[in-house]
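# Observations on chain architecture
Here's the letter readout for the chains.
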Number of protein chains: 2
Amino acid sequence: MGLPKAFQRYRPALDASLKAAFEGRNLFLYDMQRYHMGWIDEKGDPIEGQGKGLRPLMCLMACEAVGGDWQKALPAAAALELVHNFSLIHDDIQDGDTERRHRPTVWHLWGMAQGINAGDSMRGLGTLALLKGSTEHHPRKIFAALEALESASLEMIEGQYLDISYEHQTSITTDEYLDMVSKKTGALMECSFHLGALLGTDNPDTVESLRLCGRELGLVFQIRDDTLGVWGMEESIGKPVASDIRRKKMCLPVVYALQTASGADRQYLHRLYEDCGPTQDGEVDEVLAILDRLGAMAHCQSLAQEHCQGALAALDGVELAPCMRTNILQLATFFAEREH
Amino acid sequence: MGLPKAFQRYRPALDASLKAAFEGRNLFLYDMQRYHMGWIDEKGDPIEGQGKGLRPLMCLMACEAVGGDWQKALPAAAALELVHNFSLIHDDIQDGDTERRHRPTVWHLWGMAQGINAGDSMRGLGTLALLKGSTEHHPRKIFAALEALESASLEMIEGQYLDISYEHQTSITTDEYLDMVSKKTGALMECSFHLGALLGTDNPDTVESLRLCGRELGLVFQIRDDTLGVWGMEESIGKPVASDIRRKKMCLPVVYALQTASGADRQYLHRLYEDCGPTQDGEVDEVLAILDRLGAMAHCQSLAQEHCQGALAALDGVELAPCMRTNILQLATFFAEREH
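Values in this document were obtained by computation on a predicted structure and should not be read as measured data.

Calculation criteria
Residues numbered from 1 in each chain as written. Chains lettered and ligands numbered in written order. Predicted model: local features only at pLDDT ≥ 70, side-chain atom pairs only at ≥ 80, totals over all residues. Heavy atoms only, no water. Helix = DSSP H or I, 4+ residues; strand = E, 2+ residues; numbered from the N terminus. Rg over C-alpha atoms; globule rule 2.2 N^0.38 Å. Buried < 20%, exposed > 50% of the residue type's maximum accessible area, 1.4 Å probe, protein only. Contact = heavy atoms within 4.5 Å. Areas by Shrake-Rupley, 256 points an atom, 1.4 Å probe, with all protein chains shown as cover. Buried area = accessible area lost by both parts, 1.4 Å probe. Salt bridge = Lys/Arg side-chain N within 4 Å of Asp/Glu carboxyl O. Polar contact = N/O pair within 3.5 Å; in protein donor to acceptor, adjacent residues only side chain to side chain. pLDDT = per-residue confidence, 0-100. Expected span 1.5 Å × (residues − 1). Phe/Tyr/Trp six-rings, centres within 6.5 Å; stacked < 30°, edge-to-face > 60°.

When you go through chain A residue by residue, the secondary structure sums to 16 helices and 2 strands. What you see for chain A is a C-alpha radius of gyration of 20 Å, in line with the 20 Å of a compact globule of 340 residues. Overall, chain A is about 65 × 50 × 30 Å in size when its C-alpha atoms are taken along their principal axes. For chain A, the proportion of its 340 residues judged to be buried stands at 60%. Considering only intrachain contacts with a sequence separation of at least 6, the fraction spanning at least 24 residues in chain A is 75%. With the model as given, the accessible surface of chain A reaches about 13400 Å², and the carbon-plus-sulfur share is 49%.

In structure tokens:
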């Protein structure tokens, strides 16, 4: 099952809004960002290719779902995508990742110092997109939208802080891990549904329901991401098989295993993950075997399903535009079952 | 001549506003920021010591100068200081500086990745401080304030980008250099006077005059900073004598010399600054001798004076609260003549 068809309908307008945020920005500083967005290559020539744009498309869908005019949420949608990509640019520096979507990362091409600047300025473009583009709404509404966006950004950064501080911390519980994830990934997805609903309706209960739904969807998305990082197919996810095990990245299957394994498996896992050195091939296979014995994949999938149901339950009794409940169901299912 | 006395009057309320921005923020992520602000040591124990707070104090002074209630500008003032300090935290990473104000820098203590997070989240606290704390103002006003703050932040980052891209670029002209400086340092000082005036009066001409005055003051401040980086006394500025020459940092005296030197001096300077290796003691002395022959110090001082006069000229015909013209004159003089 793919993404809701509605997403295709929003795409051209979203792309135009995103590009408009860079209009008149001629410094090479902004070309680094256009490169990151997948609009130009490193020499500045136009190319095809871009991110999925999940957050902004979710924002537009939430706006339409609550009966609003989705076009009026375009500035907020653009802001969300820019804030998300600011975090990716910094994330690549923090993780030392040299590739993203099969291309060299910004910092890898232009150095860490300018990579930090590229991320910092993209975040500014995001806030300005929301501020400048939302003149059709009542000021109090844009206020609430801005506060939601800034609070979500801050929560996302808190999640990023926790994620880094959890490296090689084998005593992390799944609850702590899920709390981190709900900040790092959930906060901005929550904010996407929140902003869309806020700009689409004056009913605060509806806004709150969509917000909660968005947070649950964020968890589903990240839990599936963690699953794919261990068991995803190289050709679909663009990363080597078991790449997160290879890198000893803390991810839900491993956190679950560290917490639930016993005996020799437990000893093996804890010793391996406390060690900061690189993994050997045999170790990767052994970890995969332990995860298998513990049913880690099934555990993750059932947790994803649980939050999928939580997302839909959040919308119980909420009046939505025609087809929109189906669209959100389709999105939730895609998040839980996607292969890439 | 020191800072205007009025600054002392604002200080306790400013400090309270700054600390309030961190209220309820319990993650260690925020302790790294409290450390950077000079409120706690690296173990978390309270200490005395903080930055000058020039930008927020300028904001409060501008508010009072145009007849406003400076207390209502406190959230904006706090936001300015937080945005400024976000830029310092990232700047230290970008420059690889291990010390600031005689203490280890945040990234040096807790690593580059968490240093980036500390800066990123401090910026978020800044925007939120302005957003949440300004409920007494008309929404349109806070809107204008936010747009000014975000635009200034973006310009500051552009300046930081240019500064880094100018390293070892010996063909930079003083005009290009001053344009960079007016972004990197001027934008936020301009914004300080701009926000203070905006929140203090409804007269757009007055706001515009104060904004222009602030930009000029920013240039004065940075030109003097560049002068001190070359000729400042170690005991006043807390950096070794001629530290900016030693690091081959592009600074106004050097840019001026690269542009105006001729013959052997020109050859020497250009060859030295194109080379990315470290300087020797003899080279530092030779550069100082060339700067001396070219009258670089006098040139910088006269440029600072020029912008000082520009700052005061911007206020011609503007009605200001009693004593406030004198206070601004005192601030401008301090910026132009300070020894630290």
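This is not the end of the story, as more comes after the structure.
Counting residues at the interface gives 40 residues for chain A and 40 residues for chain B. Three residues, F143(A), L154(A) and Y161(A), lead the burial of chain A against chain B; their summed loss comes to 18% of the area buried on that side. Here chain A is connected to chain B by 2 salt bridges. Here E158(B) ties to R25(A) by a salt bridge, and the two come within 3.5 Å at their closest N and O atoms. At the surface where chain A touches chain B, the tally comes to 14 residue pairs in polar contact (both at pLDDT 80 or more).

Below, the discussion takes up the confidence of the model for chain A. The predicted model of chain A averages 94 in pLDDT, with 98% of residues at 70 or higher. Model confidence for the complex is summarised by a pTM of 0.96, with the ipTM given as 0.96.

A positive phi is found at H168(A), a non-glycine position, where the angle reads about 65°. Exposure remark for H168(A): the relative accessible area of 24% places this residue in the partly exposed category. The phi torsion at C323(B) lies on the positive side, around 70°, for a residue other than glycine. Within the secondary structure layout, C323(B) lies in the loop between α15 (296-313) and α16 (324-337). By relative accessible area, which is 59% here, C323(B) ends up exposed.

So, about helix α3 (residues 54-65) of chain B. Residues and elements named next belong to chain B. Here α3 is 12 residues long and its end C-alpha atoms lie 16 Å apart, about the 16 Å a rise of 1.5 Å per residue gives. Burial analysis of α3 places 12 of its 12 residues in the buried class, the great majority of the element. In this structure, the buried residues of α3 make contact with α1 (6-20), α4 (74-95), α8 (174-200), α9 (204-231) and α16. G67, located one to two residues past α3, shows a positive phi value of around 95°.

With that settled, consider the packing of aromatic side chains. All names here are of chain A. Counted by the stated rule, this structure contains 15 aromatic pairs over all chains. Relative to Y10, the ring of F7 lies with its centre 6.5 Å away and its plane at 45°, an arrangement referred to as tilted. Here F7 and its partner Y10 are both found in helix α1 (residues 6-20), 3 residues apart, which amounts to about one turn of the helix. For the pair shown, F7 and Y10 are each scored as buried. Of the aromatic side chains, those joined through ring pairs into one cluster are F7, Y10 and W70.

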